[in-house]
Amino acid sequence: MDRFSLDTRVALVTGAGSGIGRATSLELARAGARVVAADSDLPATVETVELICGDGGRALAVEADVTDVSAVDTMVDAAVTEFGSLDIAVNCAGMTSPPLGILGTTPEDWRRLIEVNLTSVFLCMRAEVPHMLEAGRGSIVNIASGAGLVGANLLPAYTASKHGVVGLTKSVALELAPRGVRVNCICPGATRTPMLEGFLSGNELMEQLMVSGHPIGRLGTPEEIADAVRWVCSDAASFVVGAAITIDGGAIAQ
Ligand SMILES: NC(=O)c1ccc[n+]([C@@H]2O[C@H](COP(=O)([O-])OP(=O)(O)OC[C@H]3O[C@@H](n4cnc5c(N)ncnc54)[C@H](O)[C@@H]3O)[C@@H](O)[C@H]2O)c1
């Protein structure tokens, strides 16, 4: 048995319409999983599913806002109804904000970012976990950030939300490990996705500064993050529990 294979597994990926979520959906499908691709942007999600099916994989597109409790429950139910189980969940949907610092961040900005990046991960796990406990196995991968481990200057809400994802991951990992469900998070460094391009908005100086924070001398690709997610989801990572894994060209090692 190939311990890296995801054959027979059903995987749910949120934020599947773009960037890391799309690359992860494609990679999990390549590894043999049937993929439920979920995002608030339905046309983009359908595009992801078309890419998977064009590659010979099986996938379902689901429109879901991960901040909406009933939409999250419906999303998870749709996965189980379509494919019969839920073995893997990658909670990837998220947003960033402009680098406005503590005084430029309004209470509304703060609440929205915490809701989209942190509360959503709680809501998703709450809906995903019962199906995994019923099966006695499962792997959950939350997409945090390097900003979940160290402070990102001028991004107080983003940093707090991602530190929250790391802490939430560790707590739920402790609770579920004895029951066969592994919970981990991946902490990407700066990765070239539509989110990052939007954040940089063509500012070459800011991009150079960002690159210089990564000892490898470049930004990451969504595919490099997806490769790590695939491994953590697989039986090849069977002893990996409660980990916050940096995939960041050495950024956090400094
Ligand atoms: N790109 C980076 O440099 C980087 C670095 C570290 C961590 N991350 C994290 O990786 C994850 C993916 O980021 P990305 O760079 O691929 O971004 P992206 O903007 O390319 O993709 C994010 C996806 O999430 C979806 N989304 C946003 N809010 C949603 C909601 N409420 N409900 C459902 N879907 C929603 C968007 O529609 C989009 O398709 C995020 O959690 C982000 O914080 C990204």
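Report follows, based on the coordinates. Quick caveat: nothing in here was measured; it's all calculated off a predicted structure. (Residues numbered from 1 in each chain as written. Predicted model: local features only at pLDDT ≥ 70, side-chain atom pairs only at ≥ 80, totals over all residues. Heavy atoms only, no water.)

### Some remarks on the sheet that holds strand E4 (residues 88-91)
No. 1: Reading across the sheet, the seven strands line up as E3-E2-E1-E4-E5-E6-E7 and stay open at both edges, with parallel pairing between neighbours. Both edges of this open sheet fall to strand E3 (59-63) and strand E7 (244-247), since each of them pairs with a single strand only. When the angles between neighbouring strand axes are averaged without regard to direction, this sheet yields 20 degrees.
No. 2: Across five bridges, the pairing between strand E1 (residues 10-14) and strand E2 (residues 34-39) is parallel. Considered in E2, the bridge of threonine 14 is made with alanine 38.
No. 3: Against the sheet, helix H3 (residues 69-83) contacts E1, E2 and E3, and its axis sits at roughly 155 degrees relative to E3.
No. 4: Set on the sheet, helix H9 (residues 222-233) makes contact with E4, strand E5 (138-143), strand E6 (181-188) and E7; between it and E6 the angle comes to about 165 degrees. (Pairing = 2+ DSSP bridges. Helix = DSSP H or I, 4+ residues; strand = E, 2+ residues; numbered from the N terminus. Axes fitted to C-alpha atoms, helices over the stretch in contact; angles between N-to-C directions. Contact = heavy atoms within 4.5 Å.)

### With respect to the state of the cysteines
No. 1: Inspection of every chain in the model, using the stated rule, returns zero disulfides.
No. 2: With no disulfide of its own, cysteine 185 has cysteine 187 as its nearest cysteine by sulfur position, at a separation of 4.4 Å.
No. 3: On the basis of relative accessibility, which here comes to 1%, the residue cysteine 185 falls in the buried class.
No. 4: Cysteine 233 takes part in no disulfide bond, and the closest cysteine sulfur to it belongs to cysteine 92, at a distance of 11 Å. (Disulfide = S-S within 2.5 Å. Buried < 20%, exposed > 50% of the residue type's maximum accessible area, 1.4 Å probe, protein only.)

### Observations regarding the nonpolar core
No. 1: Ranked by size, the top nonpolar core spans 34 residues in total, and within it Leu12, Val72, Met75, Met125, Ile140 and Val183 carry the most contacts.
No. 2: Counting residues per element, this core draws most heavily on helix H5 (residues 107-135), which supplies seven residues.
No. 3: Here valine 183 is in contact with Met125, Ile140, Asn142, Thr169, Val172, Ala173, Leu176, Val241, Gly242 and Ala243, once residues within four sequence places are set aside.
No. 4: Grouped together as the second largest cluster of nonpolar side chains are 29 residues, Val35, Ala59, Ile88 and Ala228 included. (Core = buried A, V, L, I, M, F, W, Y, C linked by side-chain atoms within 4.5 Å.)

### Brief notes about the packing of helix H1 (residues 19-30) against H9
No. 1: Two elements in contact, H1 and H9, have axes separated by 8 Å at closest approach and are oriented at 50 degrees. Relative to H9, H1 is oriented oblique. Relative to H9, H1 is oriented so that their crossing is right-handed. The segment H1 lies against H9, with Gly19, Ile20, Ala23, Thr24, Glu27 and Leu28 engaging Pro222, Glu223, Ile225, Ala226, Asp227, Val229, Arg230 and Cys233.
No. 2: Here the residues of the contact of H1 with H9 are counted per class, giving eight nonpolar, two polar and four charged. (Parallel < 35°, antiparallel > 145°, perpendicular 65-115°, else oblique. Left-handed = near helix turned anticlockwise from the far one by under 90°. Nonpolar A, V, L, I, M, F, W, Y, C, P; charged D, E, K, R; others polar.)

### As for the pairing of E2
No. 1: Of all the six residues making up E2, five are buried; the element is thus mostly covered by neighbouring parts of the structure.
No. 2: Between the parallel pair E1 and E2, the chain is carried across by H1, and the sense of this crossover is right-handed.
No. 3: Of the strand pairs in this sheet, E2 and E3 are connected by five bridges, and their pairing is parallel. Bridge pairing in E3 links valine 35 to alanine 59.
No. 4: A crossover links E2 with its parallel partner E3, the connecting element being helix H2 (residues 42-54), and its sense is right-handed. (Right-handed = clockwise from strand over helix to strand, strands pointing away.)

### Describing the packing of H5 against helix H6 (residues 156-176)
No. 1: Remark: H5 packs on H6, axes separated minimally by 8 Å, with the N-to-C direction vectors making an angle of 15 degrees. With respect to H6, the element H5 is oriented roughly parallel. The two elements H5 and H6 meet at a crossing, and its hand is right-handed. Residue-level inspection shows Trp110, Leu113, Ile114, Asn117, Leu118, Val121, Phe122, Met125, Val129 and Leu133 of H5 in contact with H6, the latter providing Pro156, Ala157, Tyr158, Ala160, Ser161, Lys162, Gly164, Val165, Leu168, Val172 and Leu176.
No. 2: When the residues that make up the contact of H5 with H6 are grouped by side-chain class, the tally is 17 nonpolar, three polar and one charged.

### Notes on unusual backbone geometry
No. 1: Positioned with a positive phi, threonine 8 is a non-glycine residue whose angle comes to about 75 degrees.
No. 2: Structurally, the position occupied by threonine 8 is in the segment before E1.
No. 3: Positive phi outside glycine occurs at leucine 154, with the angle close to 70 degrees.
No. 4: For leucine 154, the location among the structural elements is in the loop between E5 and H6.
No. 5: Residue classification places leucine 154 among the partly exposed positions, given a relative accessible area of 43%.

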